[in-house]
Amino acid sequence: MTDAEVTACLVRGRAGDEKAILDIFHYMYPHVTRLVHANLPARESAEDLVQQVCMKVMANLHQFSGKVPFLHWVSRIAVNTCLNQIRHEKRRPELRLADLSEDEVMVVEHLATTANELDSADQVGAAELVAKLLDGLRPADRILMKLLYLEGNTIEEISSMTGWSRTMIKVRAYRARAQLRRRYLLLMKEKP
Amino acid sequence: MNTINDQLNRLFRAARATPEGLAMPPFGLETRALAAWRESVLTGAGVPFWSGALLFRGLILAGLVMLVSLWPVINQTSNTDPFAEYFQLADSTVQVDNTP
């Protein structure tokens with residue numbers, strides 16, 4: 001669905017066509033699910049949060065003006081809801097090599113000993129290692145790193161999705177990246 | 001060069017999630033989503049008036065207005081002149097007596 005189609009559905013919805021509103025709902029639902037699952041720690045109940053975000057989007061659909069892409073507008077609601085959920089969680093302690101699984105240790109080995117891209121066998125270990133490295137960051141920094149490095153969004157896209165200014169994103173990304181490097185270096189130093 | 005930055009970049013590239021399939025909403029969510037839409041249409045705005053954030057801001061504003069309106073009274077009662085009230089009472093009595 002394109003943004004023009006979303007706007008057309010919204011116009012029809014305001015005229016009483018509820019099927020058009022349901023089309024919008026089904027369009028944005030997978031996007032909300034992916035965002036919430038990606039940005040919420042595994043121990044949290046993502047399903048409740050997905051439903052909370054969906055209800056907020058539907059209740060505020062009137063406020064969508066079309067100035068930003070529709071999915072960016074939805075992302076902003078999802079990101080802020082996730083941030084409110086995880087804002088008060090306690091910071092994780094430093095990551096040690098002993099905290100890693102065998103797959104994750106293999107990934108660290110491969111990264112250190114070769115300059116080649118990791119192969120598909122290391123994908124699961126890489127995803128888990130990234131999750132543990134990101135776990136030690138502040139919630140907003142964690143979400144930013146995921147949007148920037150895991151989902152490949154540009155600074156402009158992230159600004160549109162979160163409402164943060166470009167300057168704030170760059171400063172936050174620089175600081176978060178430095179913290180990631182420090183956590184990763186600690187692991188490398190422990191490597192035999 | 002296999003710097004820490006290179007390693008982190010390769011790690012992130014390997015960890016990028018594959019695109020998910022179409023997720024289906026749980027039973028009943030569609031109905032509730034439509035209900036939320038209908039409610040927003042009825043209120044005429046996207047946000048219900050009992051929205052937590054709006055209510056909180058409204059309460060703070062109301063408190064500030066009350067404080068500002070009560071300030072002259074508080075200021076007046078802290079006047080140390082022991083005869084101030086009597087003069088005011090006498091003055092108001094005189095004014096009442098003068099009305100036709």
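In short, a report on the structure. (Residues numbered from 1 in each chain as written. Chains lettered and ligands numbered in written order. Predicted model: local features only at pLDDT ≥ 70, side-chain atom pairs only at ≥ 80, totals over all residues.)

Turning our attention to the overall build of chain A. For chain A, the count of helices and strands is nine helices and zero strands. N-terminal to C-terminal, the α/β element order of chain A is α-α-α-α-α-α-α-α-α. Here chain A, with 192 residues, has 34% of them falling under the buried criterion. Intrachain contacts of chain A at a sequence separation of at least 6 include 65% that bridge at least 24 residues. (Helix = DSSP H or I, 4+ residues; strand = E, 2+ residues; numbered from the N terminus. Buried ≥ 20, exposed ≤ 12 C-beta atoms within 10 Å, placed from the backbone. Contact = placed C-beta atoms within 7 Å.)

Right, let's talk about the overall build of chain B for a bit. Counting its regular elements, chain B contains four helices and zero strands. Starting at the N terminus, the α and β elements of chain B follow one another as α-α-α-α. A buried classification covers 9% of the 100 residues belonging to chain B.

All names here are of chain A. The terminal C-alpha atoms of helix α7 (residues 139-150), which comprises 12 residues, lie 15 Å apart, in line with the 16 Å expected from a rise of 1.5 Å per residue. Listed in full, the buried residues belonging to α7 are Arg-142, Ile-143, Leu-144, Met-145, Lys-146, Leu-147, Leu-148 and Tyr-149. In the segment just after α7, Gly-152 is the residue with positive phi, at about 70°. (Expected span 1.5 Å × (residues − 1).)

This next bit is on the interface of chain A and chain B. Counting residues at the interface gives 35 residues for chain A, matched by 29 residues for chain B. Of all the elements in the fold, those that place two or more residues in the side of chain A that touches chain B are α2 (18-39), α3 (46-59), α5 (102-113), α6 (123-135), α7 and α9 (166-190) of chain A. Broken down by element, the side of chain A that touches chain B gets its largest block of residues, nine residues, from α2(A). Among the residues making up the side of chain A that touches chain B, the classes are represented as 24 nonpolar, six polar and five charged. (Nonpolar A, V, L, I, M, F, W, Y, C, P; charged D, E, K, R; others polar.)

Here the focus is the packing of α7(A) against α9(A). Residue and element names in this part refer to chain A. At a closest axis distance of 10 Å, the pairing of α7 and α9 adopts a crossing angle of 95°. Classed by the angle they form, the pair α7 and α9 counts as roughly perpendicular. Along the contact surface, α7 presents Ala-140, Asp-141, Leu-144, Met-145 and Leu-148, while α9 presents Ile-169, Arg-172, Ala-173, Arg-175 and Ala-176. Residues of the contact of α7 with α9, tallied by class, amount to seven nonpolar, no polar and three charged. (Axes fitted to C-alpha atoms, helices over the stretch in contact; angles between N-to-C directions. Parallel < 35°, antiparallel > 145°, perpendicular 65-115°, else oblique.)

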